[in-house]
Amino acid sequence: QVQLVESGGGLVQAGGSLRLSCAASGRTFSSYAMGWFRQAPGKERECVAVISRTGGRTYYADSVKGRFTISRDNAKNTVYLQMNSLKPEDTAVYYCAARNAVFDTIVVNRDGYDYWGQGTQVTVSS
């Protein structure tokens, strides 16, 4: 069992930056692949970025590639999402998710994740 707590959301102007953090409980954080997902009003939850257990593999949605960076610090049980050049269409609730991973793989499908945080709101004004 792992609990996830996101922080770092807020209101920012277009072109600005935010860094989201997700702190995980438990002693086995390094055995989890981690992901950031987002859900805008009226839309399905979509994958934004994922990172493997060791951090050696990452994936980014095309819409955020080159602007967002996912990283993790296994010593601090924390995964981050650095978001630069934010656009109004990035406005959503951002969720952190974890999945048990035997190998250093990544999964994009939200159904592949076992644990979810409560979400943090990101609002980008034009």
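One can find the structure itself at the top, above this paragraph.
This report concerns the structure included in the present document. What you are looking at is a predicted structure, and each value in this text was computed from that prediction instead of being measured. (Residues numbered from 1 in each chain as written. Predicted model: local features only at pLDDT ≥ 70, side-chain atom pairs only at ≥ 80, totals over all residues. Heavy atoms only, no water.)

Considerations on the pairing of strand β1 (residues 4–7)
Because side chains alternate across β1, one face comprises the buried residues L4 and E6, and the other comprises V5 and S7, none of which is buried. Pairing between β1 and strand β3 (residues 18–24): 4 bridges, direction antiparallel. Opposite V5, over in β3, you have A23 as the bridge partner. (Buried < 20%, exposed > 50% of the residue type's maximum accessible area, 1.4 Å probe, protein only. Helix = DSSP H or I, 4+ residues; strand = E, 2+ residues; numbered from the N terminus. Pairing = 2+ DSSP bridges.)

Notes on the sheet that holds strand β8 (residues 78–83)
Whenever strands of a sheet pair, they do so through backbone hydrogen bonds, lying parallel or antiparallel. One open sheet holds the 4 strands; their spatial order is β1-β3-β8-β7, and the pairing between them is antiparallel. The strands lining the two open edges of the sheet, one partner per strand, are β1 and β7 (68–73). Each strand axis lies, on average, 15 degrees off the axis of its neighbour in the sheet, ignoring direction. Pairing analysis gives 6 bridges linking β7 to β8, with the strands arranged antiparallel. (Axes fitted to C-alpha atoms, helices over the stretch in contact; angles between N-to-C directions.)

Focus on the pattern of salt bridges
Under the definition given, this model contains 5 salt bridges. Linking E46 and R38 is a salt bridge whose minimum nitrogen-to-oxygen distance equals 2.7 Å. Across the pair D90 and R67 runs a salt bridge, and its minimum N-O distance is 2.8 Å. Taken as a pair, D90 in the loop between β8 and β9 (92–100) and R67 in the loop between β6 (58–60) and β7 lie far apart in primary sequence, 23 residues in all. The exposure classification of D90 matches that of R67, with both residues buried. Where salt bridges share partners, they join R38, E46, R67 and D90 into one cluster. (Salt bridge = Lys/Arg side-chain N within 4 Å of Asp/Glu carboxyl O.)

Considerations on the state of the cysteines
Per the counting criterion, the structure on display carries 1 disulfide. For C22, the disulfide goes to C96, at an S-S distance of 2.1 Å. Between C22 and C96 the sulfur-sulfur dihedral comes to about -80 degrees; the bridge is accordingly left-handed. Remark: C96 occurs in strand β9 and C22 occurs in strand β3; sequence separation between them is 74 residues. In this structure C96 comes out as buried when scored by relative accessible area, which is 0%. The thiol of C47 is not disulfide-bonded; the next cysteine sulfur, from C96, is found 12 Å away. Note on C47: relative accessible area 12%, which makes it buried. (Disulfide = S-S within 2.5 Å.)

Description of the packing of aromatic side chains
Scanning all chains against the criterion turns up 4 aromatic pairs. Ring centres of Y32 and Y115 lie 6.0 Å apart, and the angle between their planes is 80 degrees; on these two criteria the pair is classed as edge-to-face. Of the two residues, Y32 sits in strand β4 (residues 32–39) while Y115 sits in strand β10 (residues 115–116), which places them 83 residues apart along the sequence. Given the relative accessible area of 5%, Y32 is considered buried. Through pairs of rings, three or more aromatic residues link up here, namely F37, Y113 and W116. Sitting over the ring of W116, R45 keeps its end group 4.9 Å from the ring centre. (Phe/Tyr/Trp six-rings, centres within 6.5 Å; stacked < 30°, edge-to-face > 60°. Lys NZ or Arg CZ within 6 Å of the ring centre and 35° of its normal.)

Keep in mind that these numbers describe shape and distance, not what the molecule does.
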